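# Coordinates in review
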Amino acid sequence: MASSTNTASGSTHPKIASFPADQLEHFRRQYPDYDEQESEFPLWIEGVDTTYAPFIPTSTRRVLIALEMVGLSSADKVLDVGSGDGRFCFAAVSFFGAQKALGIEYEQDLVEKSTELAQDLVDQGRISFQKADLTNWRDSPTMQSKEWSVIVVFLSPEGGTDMEEWLVQEFERGVRIVALVFDLKHLKSLHCSLEDTEEGIWVYEKQ
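Residues numbered from 1 in each chain as written. Predicted model: local features only at pLDDT ≥ 70, side-chain atom pairs only at ≥ 80, totals over all residues. Heavy atoms only, no water.

## Looking at the overall build of the protein chain
How we decide: A run of H or I in DSSP becomes a helix once it reaches four residues, and a run of E becomes a strand once it reaches two; helices and strands are each numbered from the N terminus. Whether a residue is buried, partly exposed or exposed follows from its accessible area with a 1.4 Å probe, protein chains only, as a fraction of its type maximum: under 20%, in between, or over 50%, in that order. What makes two residues a contact is simply this: any of their non-hydrogen atoms within 4.5 Å.
What the protein chain contains, in helices and strands, is nine helices and eight strands. Buried positions account for 48% of the 207 residues belonging to the protein chain. Taking contacts inside the protein chain between residues at least 6 apart in sequence as the whole, the part at least 24 apart equals 68%.

## A short note on helix α4 (residues 87–94)
Where burial is concerned, most of α4 is hidden: seven out of the eight residues are buried. Residues of α4 that are buried: R87, F88, C89, F90, A91, A92 and V93.

## Describing the pattern of salt bridges
This is how it is decided: A side-chain nitrogen of Lys or Arg and a carboxyl oxygen of Asp or Glu constitute a salt bridge if their distance falls within 4 Å.
Taken as a whole, this structure holds 10 salt bridges when the rule is applied. Here D76 makes a salt bridge to R176, at a shortest N to O gap of 2.7 Å. Linking D76 in the loop between α3 (60–69) and β2 (77–81) with R176 in strand β6 (residues 176–180), this pair joins segments that are 100 residues apart in sequence. With a closest N to O distance of 2.8 Å, R87 and D85 form a salt bridge.

## Notes on the confidence of the model for the protein chain
Threshold: Confidence scores labelled pLDDT are given residue by residue by the predictor and lie between 0 and 100.
Confidence in the prediction of the protein chain, expressed as mean pLDDT, is 85, and 81% of residues score 70 or more. With pLDDT under 50 throughout, residues 6–11 is counted as low confidence; its partners more than four residues away or in other chains account for 12 contacts. Between residues 49–53, whose pLDDT stays under 50, and residues either more than four places distant or in other chains, the model counts 12 contacts.

## Re the pairing of strand β8 (residues 201–204)
Keep this limit in mind: Any two strands are treated as partners once DSSP identifies two or more bridges connecting them.
Side chains I201 and V203 project from β8 onto one buried face, and the interleaved W202 and Y204 project onto a second face that is buried too. Hairpin connection from strand β7 (residues 192–196) to β8: four residues lie between these consecutive antiparallel strands, with G200 at a positive phi of about 75 degrees.

## Details of the packing of helix α2 (residues 21–30) against α4
What counts is decided by this rule: Note on geometry: axes are lines fitted to C-alpha atoms, helical ones only across the stretch in contact, with angles between N-to-C directions running from 0 to 180 degrees. Note that the term roughly parallel is reserved for angles under 35 degrees, roughly antiparallel for angles over 145, roughly perpendicular for angles of 65 to 115, and oblique for everything else. In a left-handed crossing the near helix is turned counterclockwise from the far helix by less than a right angle, and in a right-handed crossing that turn is clockwise. For this scheme, ten residues count as nonpolar: Ala, Val, Leu, Ile, Met, Phe, Trp, Tyr, Cys and Pro. Four count as charged, namely Asp, Glu, Lys and Arg, and the remainder, Gly too, count as polar.
Relative to each other, α2 and α4 sit at 165 degrees, their axes nearing to 11 Å. When the axis of α2 is compared with that of α4, the two are roughly antiparallel. In this structure, α2 crosses over α4, and the sense of that crossing is right-handed. For the pair α2 and α4, the contacting residues are Q23, H26, F27 and Q30 in the first and R87, F90, A91 and S94 in the second. Split into classes, the residues belonging to the contact of α2 with α4 amount to three nonpolar, four polar and one charged.

Put into C-alpha cells, the structure is as follows:
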C-alpha cells in the first residue's frame, strides 16, 4: 500500500523550509504562480502560442514538494515530459543539485521561453530543452534513453494509457516516476510508493 502524506495547502515541507528565502523568492518571481481557485482553464500566457494544448503551470510550491517527495538528489538525471516553461528542470538542478535535467515540450515558443528563463544553467550544460511531438514519442531517442533516473509526467488518463508500455519499461528498470494532477493507478503494473492527494502528487517506485 502506498504511503500517504496529507500536506495542508500552504504548509512547508522540511527540505523546502531549509532553502534560502532569497532563492525561493527568486524562483517564485521567475516562475510566477497562478490562482488555482480563480483562474479559468485553459491558462493562456502572453507571447506563447498554446493553440495545440493549454499551458497549465504547476505552482512553485507543488514543484518543490514533488521533487522532495521523489527524493531527488545530486545523483539524479531528470526528464520532464511536457515541460512547459521549464520550472521543474530549473528547480531540480538549482534547488536539489540534480546532475542534469531535460525538458521536452511540443510548443516551440515554450521551448524558447524555458531556455531563456534558465539561460545560465543551459549555458553550463546542466539543463536543456527540446521540441518534441508526443504523438511520435515511441520513436524518440530521448524517451528511449536509459540515462534518466527520475521522470516527471502530467498526463491525462488517456495519455497515461497511451504511454503505458514506456512508463512500465522505465519503472521496471528502477526509474522513479512523478505524476502530477492525474494519478497513474489505472496502470496496474506500477506501484505507488508515496502520494499527496491534496497536492495532486503521486510517486511510483519499484520496491
